[in-house]
Amino acid sequence: MNRTKINLTSFLYPLLFLIFILLFWEFLIIYFKIPKYFLPSPSNVLNAFILNIKTFLIATLVTLSITFLAITLSIISGVLIAIGVFQYKILDKTISPYIVILQTTPIVSIIPLLIIWFKSNTFITLVICAWIACIFPIISNTLIGLKSTDKSLIKIFRIYGASQTFMLKKLYIPSALPYFLSGLKISGALALIGGISAEFIAGTGGRASGIAYILLMAGYNLETDKLFAALFIITVLGIFIYSLFNFISYLLLKQWHDSSTNF
Amino acid sequence: MLYQTLLNTRSHVDFIKLDNVSKMFQNLTVLKKVSMEIHKGEFIGILGPSGCGKSTLLTLLSGLEKISSGVLHNNSTKGKSAFVFQDSCLMPWKTLEQNIAIPLEILNLSRQEIEEKVNKYLKILDLYKFRKNYPRELSGGMKMRASIARALVTDPEVILMDEPFASLDQILRERLVDEIYEIYLRKNLTGIFVTHNIAEAVFLCNRIYIFSFHPGQIIGQIQINKSNMDMKKYRNSDVFHQTCVKIRTILENSNE
Ligand SMILES: Nc1ncnc2c1ncn2[C@@H]1O[C@H](COP(=O)(O)OP(=O)(O)OP(=O)(O)O)[C@@H](O)[C@H]1O
Ligand SMILES: [Mg+2]
């Protein structure tokens, strides 16, 4: 009961603060007669949002599908790479330096190359960019998780002659789960950032343009109200993705992991 | 008494034997020329300062780690040894009964057999009510019991214990020590018991090896004759206290 109370106030106060800021903002615009192209008022933004709702909706869906495709790809490939590196010393030695390079190279700099390769299909370019952007936390967190399996438990499994596959399934992978999930939360945010920055550079021909492209175009055309609306959507998307993964990780860990209790 | 007859009928054949066994990690000699004989049905205590290689010795006895030199004979049946560690080290994602079942799953027993044995040990260790609970929902004492149940569920010949009660309070320790002792007497167990607690070792064990630090070497061996004594009386007896003092003296002298 105490907890719901805390949750309510921690939700209410920021909301009241937001309403206050919006009202103050609206007031400033009217009072100082600031032109719309320079800084639109909240009501202008809301108006632009309603007028373009269909475009926004489609763009949001495109951005979301890029993000989720990228996350799915990086979960599959990231976990496989982590397990491979964990199981085979040779793989560890061979691949690890490249994983670090992948991590330290800013993805933005690979985008032009990808555009050359996948010129005909911008969607694929965007997915690949987002994928590269978000795979690292999955690999490194899963690997740390696998490696930090309780040493005594390993001894207990081995004293009964458990096979490596059995241990992987019943011991290492479950041990790594909390680590994997916290990597996934970071990955979700990175996939969105990756997809959006790629779209900034790649742009999108045709109909399937994402939210970032709309934001960019609104900027070129000085439709600042539309730009703000797009910005707002991106922010909401970010929060949505983060909360979604937070919730998934809460569901998966609720009976056994301490850190999941303060969801 | 039941205890007595059981103790007397135990055959004293060589079971586990170490002959000048040394263990090195890279250049570090952790155990140096350790020779010991462990007979079937004995309860052996290992005492010594922190870092003297007690845990390493258990790993060697379990066969999980290779010795660097010397000879190690282990006539116990493969897969019939069990570990108990200081932390209960249960898997937090499994319920108590699933945790206790894991050794049997590894040994590939049938569902029905697993269920039978797990239930049996859940009852023996007073955990049956909590079988569906996850470890985080239980107290430290109950988790330790579950960990002991997991070790016993395979009916092991040898049980290797590495400071099993170190994280529990005094009362709980004594209760668990009593329980372990009783199970030890009922089963044909051989126990190897690493501890820092002299009194615990003197209570449980019939022989105690004392190790020195750096390198780990045996500096003393104490035989305890308690076979004709009631355990409650034994705990308050002169023999008990004198043995404790004797061990403390050996340990203290080794530090100088
Ligand atoms: N796998 C390993 N590689 C290298 N050194 C090791 C390894 N395992 C143990 N050691 C070293 O061996 C020495 C003895 O360790 P061990 O854990 O056996 O001591 P211990 O007597 O059990 O100590 P404690 O009472 O603190 O548990 C330590 O100095 C430790 O650093
Ligand atoms: Mg130790």
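Sequence order as written defines residue numbering, which begins from 1 separately in each chain. Chains carry letters and ligands carry numbers; both start at the beginning, A for chains and 1 for ligands, and go up in the order they are written. In keeping with the model being predicted, local features are shown solely for residues with a pLDDT of at least 70 and side-chain atom pairs are shown and tallied solely at 80 or more, while totals for entire chains, interfaces and linings include all residues. Values reported for side chains reflect all heavy atoms of the structure, with hydrogen atoms and water molecules removed beforehand.

**Student:** Help me understand the overall build of chain B, please; the structure alone is not making it clear to me.
**Tutor:** Numbering of helices and strands runs from the N terminus, with a helix taken as a DSSP run of H or I at least four residues long and a strand as a DSSP run of E at least two residues long. Along the backbone of chain B there are 9 helices and 9 strands. Its C-alpha atoms give chain B a radius of gyration of 18 Å, near enough to 18 Å, the size a compact globule of 256 residues would have. Its C-alpha atoms give chain B principal-axis dimensions of roughly 50 × 45 × 35 Å. For the exposure calls, accessible area comes from a 1.4 Å probe over protein chains only, and a residue counts as buried if that area is under 20% of its type's maximum, exposed if over 50%, partly exposed in between. Burial statistics for chain B: of 256 residues in total, 52% are counted as buried. Sequence separation of 24 or more characterises 72% of the internal contacts of chain B that already satisfy a separation of 6 or more. Residue burial considers only the protein chains on display, and all accessible areas are found by Shrake-Rupley using a 1.4 Å probe. Entry remark: accessible area of chain B is about 12,000 Å², with carbon and sulfur atoms responsible for 47%. Note that the radius of gyration is over C-alpha atoms, with the globule rule given as 2.2 Å times the number of residues to the power 0.38. Whether two residues touch is decided by their heavy atoms; if any such pair falls within 4.5 Å, the residues are in contact.

**Student:** Just checking my understanding: could you explain the sheet that holds strand β4 (residues 69-74) of chain B for this structure?
**Tutor:** The pairing of strands in a sheet comes from backbone hydrogen bonds and takes either a parallel or an antiparallel form. Residues and elements named next belong to chain B. An order of β2-β1-β4 is seen for the 3 strands of this open sheet, with the pairing classed as antiparallel. If you trace the sheet from one side to the other, it starts and ends with β2 (28-39) and β4, each paired once. Adjacent strand axes in the sheet meet at a mean angle of 15° when their direction is disregarded. In this analysis, strands are considered paired if DSSP registers two or more bridges between them. In terms of strand pairing, strand β1 (residues 14-25) meets β4 through 5 bridges, oriented antiparallel. Its bridge partner lying in β4, Leu18 is registered against Leu72. Axis definition: a line fitted to C-alpha atoms, limited for helices to the stretch in contact. Angles are taken between N-to-C directions and run from 0 to 180 degrees. Set on the sheet, helix α2 (residues 54-62) makes contact with β1, β2 and β4; between it and β1 the angle comes to about 125°.

**Student:** How should the interface of chain A and chain B be read in this particular structure?
**Tutor:** The figure often quoted for interface size is the accessible area lost as the parts come together. On the side of chain B, 25 residues touch chain A, which itself brings 22 residues to the contact. Two parts lose some accessible area (1.4 Å probe) when they are put together, and adding that loss for both gives the buried area. Both faces considered, chain A and chain B share a buried interface measuring about 2,200 Å² in area, 69% of it formed by carbon and sulfur atoms. In the sections that follow, a salt bridge refers to a side-chain nitrogen of Lys or Arg positioned within 4 Å of a carboxyl oxygen of Asp or Glu. The tally of links from chain A across to chain B stands at 1 salt bridge. Between Lys170(A) and Glu105(B) there is a salt bridge, and its shortest N-O distance comes to 3.1 Å.

**Student:** Before we go on, may I ask you to explain the sheet that holds strand β7 (residues 190-195) of chain B in this structure?
**Tutor:** All names here are of chain B. Strand order in the open sheet formed by 6 strands is β5-β6-β7-β3-β8-β9, and the pairing between neighbours is mixed. Strand pairing shows two members of the sheet lacking a second neighbour, β5 (81-84) and β9 (218-223), which therefore form its edges. With direction set aside, neighbouring strand axes in the sheet form an average angle of 15°. Where strand β3 (residues 43-47) lies against strand β8 (residues 207-211), 4 bridges are found, and the strand directions are parallel. Bridging across to β8, Ile44 finds its partner in Arg207. Contacting β3, β5, β6 (158-162), β7 and β8, α2 runs over the sheet at an angle of about 160° to β6. Where helix α9 (residues 238-254) meets the sheet, its contacts fall on β3, β8 and β9, and the angle it forms with β9 comes to roughly 175°.

**Student:** Honestly, the pattern of salt bridges in this entry has me stumped. Any pointers?
**Tutor:** Where charged atoms of side chains with opposite charge meet at close range, the side chains can pair. Residue and element names in this part refer to chain B. On inspection of all chains with the given rule, the structure shows 7 salt bridges over all chains. In this structure, the salt-bridge partner of Arg207 is Glu42, at a minimum N-O distance of 2.7 Å. Separated by 165 residues along the polypeptide, Arg207 in strand β8 and Glu42 in the loop between β2 and β3 bring together distant segments of the chain. Accessibility assignment for this pair places Arg207 and Glu42 in one class, buried.

**Student:** Before we go on, may I ask you to explain the packing of helix α8 (residues 164-202) of chain A against helix α10 (residues 224-253) of chain A in this structure?
**Tutor:** Packed helices, taken two at a time, are described by the angle their axes make and the gap between the axes. Residue and element names in this part refer to chain A. Running from N to C, α8 and α10 point in directions that differ by 165°, and their axes come no closer than 10 Å. With respect to their mutual orientation, α8 and α10 come out roughly antiparallel. Both α8 and α10 take part in a crossing whose hand is right-handed. From α8, Leu177, Pro178, Leu181, Leu184, Lys185, Gly188, Ala189, Leu192 and Ile196 reach across to α10, where they touch Ile234, Leu237, Gly238, Ile241, Tyr242, Phe245, Asn246, Ser249, Leu252 and Leu253. Gly falls in the polar group here, along with every residue not listed as nonpolar (Ala, Val, Leu, Ile, Met, Phe, Trp, Tyr, Cys, Pro) or charged (Asp, Glu, Lys, Arg). Split into classes, the residues belonging to the contact of α8 with α10 amount to 14 nonpolar, 4 polar and 1 charged. Under this scheme an angle from 65 to 115 degrees is roughly perpendicular, one under 35 degrees roughly parallel, and one over 145 degrees roughly antiparallel; angles in between are oblique. The handedness criterion is simple: a crossing whose near helix is rotated anticlockwise from the far helix by less than a right angle is left-handed, and one whose near helix is rotated clockwise is right-handed.

**Student:** For this particular structure, what's the right way to read the site of ligand 1?
**Tutor:** Residue and element names in this part refer to chain B. A molecule or strand has a residue near it when one of that residue's heavy atoms lies within 4 Å. Around ligand 1, the surrounding shell consists of Phe25, Val30, Ser50, Gly51, Cys52, Gly53, Lys54, Ser55, Thr56, Glu163 and His196. Pairs of N or O atoms within 3.5 Å make up the polar contacts considered here, provided that, within protein, one atom can donate a hydrogen while the other can accept it, and that residues adjacent in sequence are counted only when both atoms are side-chain atoms. Contacts to ligand 1 include Ser50, whose side-chain N or O atom sits 2.5 Å from an oxygen atom. Note that an oxygen atom of ligand 1 is positioned 2.8 Å from one of the backbone N or O atoms of Gly51. In isolation ligand 1 has 630 Å² of accessible area, and contact with the protein removes 59% of it. With 3 residues, α2 is the single largest residue contributor to the shell around ligand 1. When the residues that make up the shell around ligand 1 are grouped by side-chain class, the tally is 3 nonpolar, 6 polar and 2 charged.

**Student:** Help me understand the confidence of the model for chain A in this model?
**Tutor:** Where the model shows low pLDDT, its predicted coordinates should not be examined in detail. Looking at any residue, its pLDDT shows the predictor's confidence there, from 0 to 100. Of the residues in chain A, 92% reach a pLDDT of 70 or more, and the chain-wide mean stands at 86. Across residues 259-263 of chain A, where pLDDT falls below 50, the model places 9 contacts with residues more than four positions away in sequence or in other chains.

**Student:** Looking at this model, I keep getting lost on the layout of surface pockets. Mind explaining?
**Tutor:** In this approach a probe as big as a water molecule rolls over the atoms, and the regions it shows empty are the leftover space. Space inside and on the surface of the protein is sampled on a 1 Å grid over the protein atoms alone, with a cavity defined as a set of points where a 1.4 Å probe fits but cannot get out and a pocket as an open set with protein on both sides within 12 Å along at least 5 of 7 lines; lining residues have an atom within 4 Å of a point. Grid points are joined across faces, edges and corners, and a volume is the space filled by probe spheres set on the points. When its volume is computed, the largest pocket comes out at roughly 520 Å³. Around the largest pocket sit 15 residues that line it, and Leu18(A), Leu22(A), Val45(A), Phe228(A) and Phe232(A) are the ones nearest its centre. Of all the secondary structure elements, the ones that give two or more residues to the lining of the largest pocket are α1 (2-32), α2 (42-51) and α10 of chain A. If one sorts the elements of the lining of the largest pocket by residue count, α10(A) sits on top with 7 residues. For the lining of the largest pocket, the residue count by class is 14 nonpolar, 1 polar and no charged. Taken as a whole, the second largest pocket spans an internal volume of roughly 430 Å³. Around the second largest pocket, the lining comprises 20 residues; the ones closest to its centre are Leu61(B), Ser62(B), Gly63(B), Asn74(B) and Lys78(B).

**Student:** How do you make sense of the packing of helix α6 (residues 122-147) of chain A against α8(A) when you look at a structure like this?
**Tutor:** Residues and elements named next belong to chain A. Axis separation between α6 and α8 bottoms out at 6 Å; the angle between their running directions is 155°. Viewed along their axes, α6 and α8 adopt a mutual orientation that is roughly antiparallel. When the axes of α6 and α8 are compared, the crossing they make is right-handed.

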